[in-house]
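# Notes for the structure review
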Amino acid sequence: MSKRPIEPAPFNIGVRVVDIGDVRVARGRTRFNRETCKHNRMVYDQQERRIWCEDCENDVDVFDAYVRLVECHDSAWKKITRTWKDAKEAADFQLRSRAAKAMDKIWRGRRMVPNCPHCGEGLLPEDILNNQSVSSAELTRRKRARANS
């Protein structure tokens, strides 16, 4: 391995700084310690059938490279899943908001009221405000599915 001269980095003010990586290379070692390198820049050489790191210039174990690849794939998949869930929550919230806006628009007209989809009776704002009883959305969906089948 050829030795390069150590060149201090020029700065406008203050002391000149020497890159520790250059010192390590000048002494015949790699730029990074093998223990500290996380092998973020792996190179796959198909002709030599080897995997090596561009940062530390060492061969990477096949299992370690596979684990790194799986971790990257897993984190990308988790990000996709998280983004999908966030989009679904936003769509569900928007559905409720649109339904509430539609009912509010009808009630603001003062001449018409929305009808209950089950009994057909008109719903006044007082009916909703005075009725504080609630039921589970999941149970209601199951009950409607059983009634429709």
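Here is what the cut-offs are and how they apply
Residues numbered from 1 in each chain as written. Predicted model: local features only at pLDDT ≥ 70, side-chain atom pairs only at ≥ 80, totals over all residues. Heavy atoms only, no water. Helix = DSSP H or I, 4+ residues; strand = E, 2+ residues; numbered from the N terminus. Buried < 20%, exposed > 50% of the residue type's maximum accessible area, 1.4 Å probe, protein only. Contact = heavy atoms within 4.5 Å. Areas by Shrake-Rupley, 256 points an atom, 1.4 Å probe, with all protein chains shown as cover. Disulfide = S-S within 2.5 Å. Salt bridge = Lys/Arg side-chain N within 4 Å of Asp/Glu carboxyl O. Pairing = 2+ DSSP bridges. Core = buried A, V, L, I, M, F, W, Y, C linked by side-chain atoms within 4.5 Å.

## Observations concerning the overall build of the protein
When its secondary structure is counted, the protein shows four helices and two strands. Helices (α) and strands (β) of the protein occur, in sequence order from the N terminus, as α-β-β-α-α-α. Per-residue burial for the protein yields a buried fraction of 13% across its 149 residues. Look at the contacts in the protein between residues 6 or more apart in sequence, and 16% of them connect residues 24 or more apart. Of the roughly 13,500 Å² of accessible surface on the protein, 55% is carried by carbon and sulfur atoms.

## Quick word on the state of the cysteines
Every disulfide links exactly two cysteines, by a covalent bond between their sulfur atoms. A full pass over the atoms with the stated rule returns zero disulfides. C116 carries a free sulfur, and the closest cysteine sulfur to it, the one in C119, is 3.6 Å from it.

## A few points about the pattern of salt bridges
In total, this model carries seven salt bridges according to the counting rule given. Its salt-bridge partner being D104, residue R108 comes within 2.9 Å of it at the nearest N-O pair. Note that R108 and D104 are positioned in helix α2 (residues 62-108) at a spacing of four residues, about one turn of the helix. Here E138 makes a salt bridge to R142, at a shortest N to O gap of 3.4 Å. Placement of the pair is E138 and R142 together in helix α4 (residues 137-148), with a separation of four residues, close to one helical turn. Classification of E138 by relative accessible area gives partly exposed; the value is 41%. Using a relative accessible area of 46% as the deciding quantity, one classes R142 as partly exposed. Via salt bridges that share partners, R41, E54 and D55 belong to a single interconnected network.

## With respect to the pairing of strand β1 (residues 42-45)
By the bridge criterion, four bridges tie β1 to strand β2 (residues 50-53) in an arrangement that is antiparallel. Bridge pairing links Y44 to I51 in β2. Counting the residues in the hairpin turn of β1 and β2 gives four residues, including R49, whose phi is positive at 55°.

## Here we look at the side chain of H39
Within the element layout of this structure, H39 appears in the loop between α1 (20-26) and β1. On the basis of relative accessible area, H39 is assigned to the buried category, the value being 16%.

## Observations regarding the nonpolar core
Among soluble globular proteins, nonpolar side chains are generally buried collectively. Core analysis: the largest hydrophobic core is formed by seven residues, namely C37, M42, I51, C53, C56, V60 and A65. When near neighbours in sequence (up to four residues on either side) are disregarded, A65 contacts M42, I51 and V60.

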